[in-house]
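# Coordinate analysis (summary)
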Amino acid sequence: MTDNSEGKNKENSKRIKRLDSIYERVLTLRNFEITNLNNRNTFMWAVNAALFTYVSNQRELNILLPMMGIVISILQVQMAAGAKFWQEAWEIKLNEVEHKLYQVYQDENKTLENNDKFIHLFTTEENADNAKLNIEHKSKSRIEKIKIEVERNLNKEGCLNEGINKLILNKYSVSRVPIYLGIWTGFFWGVLLISKLCGCN
């Protein structure tokens, strides 16, 4: 009986090492996507800003400049949306691997009374036991828990601080901002192009 439990624990430890290795790799890929999103967006915004500066110093606006701005903005939106897609895809994989890690960890430690508590990063303790739960639901649940903790830490009073706290607790998606920025920049260039075509200077 002891040999069986020792053999099972060794197998579980091997599985934990394998899953941990996969988890680390997927986390690296997810962080790589976020870093690339920031780098690409900075580059595209620099090109757009340079174009803005050039256009603002021109007396006669060449029709090609707003068209070039529209193309750059479309490329920015596509790059940001592509990076956001892969970030979400890797986070779903992280969720799956973490769920498996939790199951193996629980199996390995169920005989121990004082085992270390599993730390959930992409899942929550309440739904980690149910493999059929929707990943989106898990993410929402995790984010709501984090939101409650953040709210506890934002205890500064005053009108301005309360307004800032509300902004923080809206938990805007930083990785979506480049997409919005590209859309608004493209809209600006579109208006500039239309005004040029209509002869409004």
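Within each chain, residues carry numbers counting from 1 in the order of the written sequence. Only residues with pLDDT of at least 70 are given local features in this predicted model, and only at 80 or more are side-chain atom pairs given and counted; all residues enter the totals for whole chains, interfaces and linings. Computation of side-chain values: all heavy atoms of the structure, hydrogens and water removed.

What follows covers the nonpolar core. Soluble globular proteins: nonpolar side chains tend toward being buried together. Ile16, Leu19, Tyr23, Val26, Leu94, Val97, Leu101, Tyr102, Val104, Tyr105, Phe118 and Phe122 form the largest nonpolar core, which has 12 residues in total. Among the secondary structure elements, those contributing two or more residues to this core are helix 1 (2–56) and helix 2 (64–109). The numbering of helices and of strands both runs from the N terminus, where a helix is a DSSP run of H or I of at least 4 residues and a strand a run of E of at least 2. Sort the elements by how many residues they give to this core and helix 2 lands first, with six residues. Throughout, a residue-residue contact means that at least one pair of heavy atoms, one from each residue, lies within 4.5 Å. In contact with Leu94, other than residues within four places in its own chain, are Tyr23, Val26, Leu27, Arg30 and Phe122. Here, the term nonpolar core denotes a set of buried Ala, Val, Leu, Ile, Met, Phe, Trp, Tyr and Cys residues that are joined through side-chain atoms within 4.5 Å. To sort residues, take the accessible area from a 1.4 Å probe on protein chains only and compare it with the maximum for the residue type: under 20% means buried, over 50% means exposed, and anything in between is partly exposed.

Right, let's get into the confidence of the model for the protein chain. The predictor's confidence in any single residue is recorded as pLDDT, a number from 0 to 100. With 66% of its residues at a pLDDT of 70 or more, the protein chain shows a mean pLDDT of 76. Averaged over each element, pLDDT in the protein chain is lowest for helix 3 (residues 135–153) (60) and highest for helix 5 (residues 177–197) (88).

Let's shift gears to a nonpolar patch on the surface. Note on patches: the residues involved have over 30% relative accessible area and no salt bridge, like charges join within 9 Å, and the nonpolar side chains Val, Leu, Ile, Met, Phe, Trp and Tyr join within 5 Å. Surface accessibility in these figures is a Shrake-Rupley result with a 1.4 Å probe; residues are shielded only by whichever protein chains are displayed. We count a salt bridge whenever a side-chain nitrogen from Lys or Arg sits within 4 Å of a carboxyl oxygen from Asp or Glu. Taken together, the side chains of Val177, Tyr180, Ile183, Trp184, Phe187 and Val191 make up a nonpolar region of the molecular surface, amounting to roughly 670 Å² of accessible area. Along the chain, the position of Phe187 falls in helix 5.

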